[in-house]
Structure formats: C-alpha cells, structure tokens
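# Fold and geometry: a report
Read off the chains here:
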Amino acid sequence: MHPEIEAIQQRVQTESEFCRKLVDEIGKVIVGQTYLIERLLIGLLADGHLLLEGVPGLAKTMSVRTLADAVQAKFQRLQFTPDLLPADIIGTVIYNMQNGTFSTKKGPIFANIILADEINRAPAKVQSALLEAMQERQVTISEQTHKLPVPFLVLATQNPIEQEGTYPLPEAQVDRFMLKIKVDYPNKAEERRIMDRMTVGAVPTVQPVVSPEDILRARKVVTEIYIDDKVKDYIVDIVFASRRPEAYGLDVKQLILYGASPRASIYLNLAAKAHAFLRGRGFVTPEDVKSIGLDVLRHRIIVSYEAEAEEITSEDIIKKIFDHIEVP
Amino acid sequence: MTHVTVARGAISVSSDLSATSLRVTDTLVLRVSARWEGEETLYRFATPRPVENPSLQLTGQTVGGSQRLENGVFISQKTWHFAFICVQSGTTEVVPPVIAYTNNETGAADSAIISPISLTIAPAPPPPFDYTRLWPYVLGLVVVSIGAYAGMMIVRRRRRAALHRKLHKTPEEQAAELLEALKPLKREDKSEQFYGDLEKVIQGLWEARAGRRLAGKTPTEVAQVLLEAGVSEAEYATVREVLVQCHHARFGGGSGGYDAMDKSYQIVSAWLKPPTGS
C-alpha cells in the first residue's frame, strides 16, 4: 500500500473507533434499523443533512433523538406546523423594557443536531429559512449574522402519506440534503424484539459516548480518505448518465426531466468516503459509491410525466443506471 | 474375261475383285465365273484352286451354278467366290485360279487362264483407342482423389477442432492460461495490474460456472449473484473475499506484496483443479 494511504488507513482505524461505541449505544434503544443508523452516521461524518422519509412509527424520531443523546451535543426538535414562522426557528430580536435595549433571542436552530419533524407541514417561508441556514450555516437576525454551532446537522423527516395540507419541498431545496433515506418496516424478528423491549415499562436510555470534538476530528479524516481517479470517474459517469443517459446507451431519457446536479457528485464522493470510514478503510472502493448511491441520488433525479404515468420512480432509474454503468 | 472357242462350244471365264484398294485386315472377295455354251455342261469344270498370295489369306470359298438348254444348246454357268483377308500392305496382283476343263476336241485336259488383277493394300488403320486400357488410370485417379479428399477433410477437421479448442477453451483452460500470464506481474510486484487481471480471471471463471454476468459488479453483488445461482456458501464467500482484496489493491494503492498476491493466486488456482475424493 502507498505510504500516504497507509497513514490515512491508520488514522481512519483510530478515529473510527467511536463509531462502534456509538452504534452499540444506539442499539440499546433502537432495534434493527442498521441501515438508518449507518446513514445517520454518514451524515454526521460527511457533514451532510439528511431527509428521512417513512410512514409513522418507524422510529425515525427516536433514532435521531437517540443519536443526539449518544453524542454529547445539543439537540433540538422542531415540529413543523402550518402556523410556524421563520422567527420561531431562527430566533428574533426582543425589546427589553427594563433597560430599553434590543436583545437577540436565538431560535432552536442553534443546536448541534436538529430534528425537523414533518418538514413538509410548514409553509415555504419557514422551510426556506431552515434550508438557507442549512446551506449557509449561519443565520441573520436583525441584520446581525450569527454562526451556527459546529457540528450542525439537520435531520428532517417527512411522511409520504397524508399529503393533504402539506407543502412539498421544492426540488432546489431538497437538493440541499445530502441523503434522502427511505425508512422501511423492521423485519419479523426485529418487530418481536421491539415489542419485548418497549412493553416492559422502563424505556432504555443512552449515555453520551462521543464528543463533538471526536466528530470534528473524524470529519477531517473523512475528507482525507483517498479516492482513486477511477472511482472519481465512476462517480462522474453515474451522475452524467442521469443527465445524458443516451450517451451511455441507456434508454431512459424520456423518463428523466432533470438529471442530478453537481451536488450529487460532491455528495457521492463525500458519502462514499464516510462509508469507507465506517468500515475502517482509508480509501474508497466502487462498492462504497454503489452502497450510498441510491440515497444520494433518489431526490436529485426528477422524473418526467411519462415516468409518473408508468409509475416509474427515480429509484427505478437509478438502479438502471447503476446496473448499466460498470464498476471500474 | 477370257473367251475360248472349242469345237463343241465356247467357254468364257471372267473374274473380278470386290475392291482394288484396301487396307490390311479388310476383307476381299474374288469372284471367278465360267460360262459354257455348247454340247457339254459345266460339270466338266473342276473346282479351281486359288493362287496363293502372301498378302492375302483365304478364309473361305463358295460355289454356285446354273444350267439350261436353249435351242438345243446347253448354257451352263458356274461362279466361285473366294474370300480373303488382307494381311500385308503393298501392291500385289491377284492371280485368279486357272479354270481347268476337258477339251473334247483333243480329248485332253485344258485350262483357261484369267488375267491377274492389280490390288493395292494400304497399311492397317491405327487401331481405335482402347478406352478400357484407361480403367486402371481412372481407378487410380478416383482412389487418389478420394484419398486426397479424405485426407483434406481429416486435416480440415483437425484444424477446425484445433481452432475450436483455441477459440472455445473451457473456462478453466482460459483461466489457467490467464493465470500463467499473471506470474510475471506477481514477481515484478505490479500489484494493481495483477489484481485487475486476477479480478477478470475470477469473473470469467465464475460467470461461466454460474451462467450469470459478473463483469462490472462489486464483490458484494458478485457474491449475491453466485448465491442466487446456487454456488455453495463457502465458495461464494471465498470469491467475495478475493474480489474484495482485488478492489482494495486496485483502489487502495497496492497490496500486501508478493505474499498477498501469491495467496490470492493460489486460491484462484485451486478453483481450477478438479475436485478430489470419492
């Protein structure tokens, strides 16, 4: 192995040690959902916000809360409702009658881990305020800019059913989420364990096992992880195939309205690195890209009317692209 | 014709040849005719003997005759036909036989001589070509042709079989050849190229065994395909392990050196050996 990659590999193995502890701690509360937990960690390590989609009762909120509890970080839950205002999230300026001055009241967004529950239930201006904060990592209250704490991670959830009275996120804003994770039902054995664990009275709790500094150090190592040119080309090919499928011999052009943005390439790279980090590797393989690809791309490919009419989803198209573009 | 007048009548003898220009082996007929008008009958004529001629060979003779009485005169006629075969070429003279008779005037034997007839015998025509003589050659040619064709077919079949073997080697043969070609890479520690080629060997071998396409897939996907194809757990786990090592070497900037390469090499080589045991 190349000495530099070997050095990265050693750092990864050292710095990724906390991930095992974190998973074990979360596992005290959450049964199964290993896929979801791994994606949460990827978001945490790659500094990318996550959008969780799933029917109610799949432990989305509990998973996020447990993660926040296991990380020694400030956690805030924001329940999005139609009457929510931007100031309810980012904060506002309050007039102090006693001394006749204005003081800044920071909103709940000033936390390390934000759970934006049912983000599609709030109107566009609230969504926009949150998403701007996610992008800029700072908010402006009364002409004064305030940096958001580091690490800053937004985990938003949305419910795919009950669409009445919701405000679907515009594509441009969805694009700001690094991953869109579809949370599925637990399997039979997991369901049984959930039932056993949650019906004994005392709900298990977790202890903080990771500090924000651990996460920041890990993030730095993640960015240093080696990614070969062949793998980079593979990522670019995947993204380009979503824009110009005909150039790759794919017959899905009529199904795609818009292909993936350059953010897709960036996030595929970063998420693949975080995926490799979780496996204690100092380099990325195509398997990392493929493992994370669906979550990075599913909300970035906008399907056409024809695809909707034929009930073809963006996931179907992504699977076709991954099946067609051979790994290097 | 020779005409002889005697006291008791007149004798006329004549002769002719069926042809005067012949070839050797042709048939020649000499006709000799004697006519008598008088008080006697032709029974007085003895059968003549043809004059021998080295150019001609007598093959047969016939005789015929008639007699009638007209106005108190006997008219008798006798004709001899002599058949010959021309046996020698050249110009010769056919001397008709002497017609012998008894002269009643003198009471003695007499003869009437006929003039010789000139005959030209050309050499025999060249014998017609005997095609039967060609049979051995024809037969030989047929046998040689069949032999050549059979030989050509055998050579062609062998060449085709050799080509077929070359083009349609068994997956194990192909893998064995490719593995052999990897040895120098192993020795020279060209690990990235070695593992890239080794991955192709593994994919080719297991594609053929599982009947599924494996190229362009990740190690996990390959293992999944093999599992679905009914490959044993131990085998697909080993395939995955080696492929993962290939990927780590290719995308992680090298491998654990010669020993690591040799270990992977030996695992793949072992797949090519026929299973042992009962």
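Shown above is the structure to which this text applies.
Reference entry: report on the structure contained in this document. Bear in mind that the values here come from a model prediction, so they are computed numbers and not experimental data.

## Observations regarding the overall build of chain B
Broken down by element type, chain B carries six helices and 10 strands. Across the 278 residues in chain B, those meeting the buried criterion constitute 24%. A separation threshold of at least 6 residues defines the contact pool for chain B, and within that pool the share at least 24 residues apart is 66%.

## Looking at the sheet that holds strand S3 (residues 21-23) of chain B
Residues and elements named next belong to chain B. Taken together, the three strands give an open sheet; going across it, the order is S3-S10-S7, and neighbouring strands pair in mixed fashion. The sheet is open, and its two borders are formed by S3 and strand S7 (90-94), each paired with just one other strand. Strand-to-strand, the axes of this sheet are offset by a mean angle of 30°, without reference to chain direction. Judged from the three bridges that link them, S3 and strand S10 (residues 117-122) form a sheet pairing that is parallel. Residue pairing in the sheet places Leu22 in a bridge with Ile121 of S10.

## Some words on the interface of chain B and chain A
Contacts between the two partners involve 12 residues from chain B and, on the opposite side, 15 residues from chain A. Those elements that provide at least two residues to the side of chain B that touches chain A are helix H4 (219-228) and helix H5 (233-251) of chain B. Looking at the side of chain B that touches chain A residue by residue, the class counts come to three nonpolar, eight polar and one charged.

## Notes on unusual backbone geometry
Residues and elements named next belong to chain A. The omega torsion across Val150 and Pro151 is 0°, close enough to zero to call that bond cis. Positionally, Pro151 belongs in the loop between strand S7 (144-147) and strand S8 (153-158). The residue Ser142 is not glycine, and still its phi comes out positive at about 50°. Position of Ser142 relative to the elements: it lies in the loop between strand S6 (138-141) and S7. The phi dihedral of Glu143 falls on the positive side, at around 65°, and the residue is not glycine. Along the chain, the position of Glu143 falls in the loop between S6 and S7.

## Let's talk about the environment of A:Ala68
Residue and element names in this part refer to chain A. In this structure, Ala68 sits in helix H4 (residues 60-70). Looking at Ala68, the number of C-beta atoms within 10 Å reads 24, which means it is buried. Those residues within four positions of Ala68 in sequence are excluded, and the remaining contacts are Ala73, Phe75 and Ile113.

## Considerations on the sheet that holds strand S1 (residues 50-53) of chain A
Residue and element names in this part refer to chain A. The five strands lie next to each other as S2-S5-S8-S1-S9, forming an open sheet whose pairing is parallel. Pairing within the sheet leaves two strands with one partner each, and these edge strands are strand S2 (75-79) and strand S9 (179-182). Across the sheet, the mean angle from the axis of one strand to that of its neighbour is 20°, orientation sign disregarded. Sheet topology places S2 next to strand S5 (residues 113-117); five bridges connect them, and they run parallel. Residue pairing in the sheet places Gln76 in a bridge with Ile114 of S5.

## Some details on the environment of A:Ala133
Residue and element names in this part refer to chain A. Following the sequence through the fold, Ala133 ends up in helix H6 (residues 124-136). On the basis of neighbour count, Ala133 is assigned to the buried category, with 23 C-beta atoms found within 10 Å. The sequence separation of Ala133 and Ile90 amounts to 43 residues, and the corresponding C-alpha distance is 8.3 Å. Discounting chain neighbours no more than four positions away, the residues touching Ala133 are Ile90, Ile109, Val139 and Leu148.

## Quick word on the packing of helix H10 (residues 229-243) of chain A against helix H11 (residues 262-278) of chain A
All names here are of chain A. Packing of H10 against H11 leaves a shortest axis separation of 9 Å and a crossing angle of 140°. Crossing angle aside, the handedness with which H10 passes H11 is right-handed. Residue-level inspection shows Ile235, Val236 and Val239 of H10 in contact with H11, the latter providing Ala264, Ser265, Leu268 and Asn269. Its residues assigned to classes, the contact of H10 with H11 shows five nonpolar, two polar and no charged.

## Describing helix H1 (residues 3-15) of chain A
All names here are of chain A. Over its 13 residues, H1 runs 18 Å from end to end, which matches the ideal 18 Å to within 8%, given 1.5 Å per residue. For H1, the full list of buried residues reads Ile8, Gln9, Val12 and Glu15. Looking straight down H1, one finds that the buried residues subtend no more than 140° of arc, so they occupy a single side. More than 90 degrees from the buried face of H1, the exposed residues found are Pro3 and Gln10. Elements that come into contact with the buried residues of H1 comprise helix H2 (17-26), helix H9 (212-224) and H11.

## Here we look at the nonpolar core
Formed by 97 residues in total, the largest nonpolar core has its most connected members in A:Leu155, A:Ile225 and A:Ala271. Looking at this core element by element, the count peaks at 10 residues for H11(A). Of the residues that make up this core, three or more belong to each of domain 1 (3-197) and domain 2 (225-324) of chain A. Ignoring sequence-local partners within four residues, the contact set of A:Leu155 consists of A:Leu50, A:Leu52, A:Val64, A:Ile113, A:Ile114 and A:Leu115. Counting residues in hydrophobic clusters, the runner-up holds 23 residues, among them B:Ala175, B:Leu182, B:Phe194 and B:Cys246.

Analysis parameters
- Residues numbered from 1 in each chain as written.
- Chains lettered and ligands numbered in written order.
- Predicted model: local features only at pLDDT ≥ 70, side-chain atom pairs only at ≥ 80, totals over all residues.
- Helix = DSSP H or I, 4+ residues; strand = E, 2+ residues; numbered from the N terminus.
- Buried ≥ 20, exposed ≤ 12 C-beta atoms within 10 Å, placed from the backbone.
- Contact = placed C-beta atoms within 7 Å.
- Pairing = 2+ DSSP bridges.
- Axes fitted to C-alpha atoms, helices over the stretch in contact; angles between N-to-C directions.
- Nonpolar A, V, L, I, M, F, W, Y, C, P; charged D, E, K, R; others polar.
- Left-handed = near helix turned anticlockwise from the far one by under 90°.
- Expected span 1.5 Å × (residues − 1).
- Arc of directions from axis to C-beta.
- Core = buried A, V, L, I, M, F, W, Y, C linked by C-beta atoms within 7 Å.
- Domains from an automatic or database assignment.

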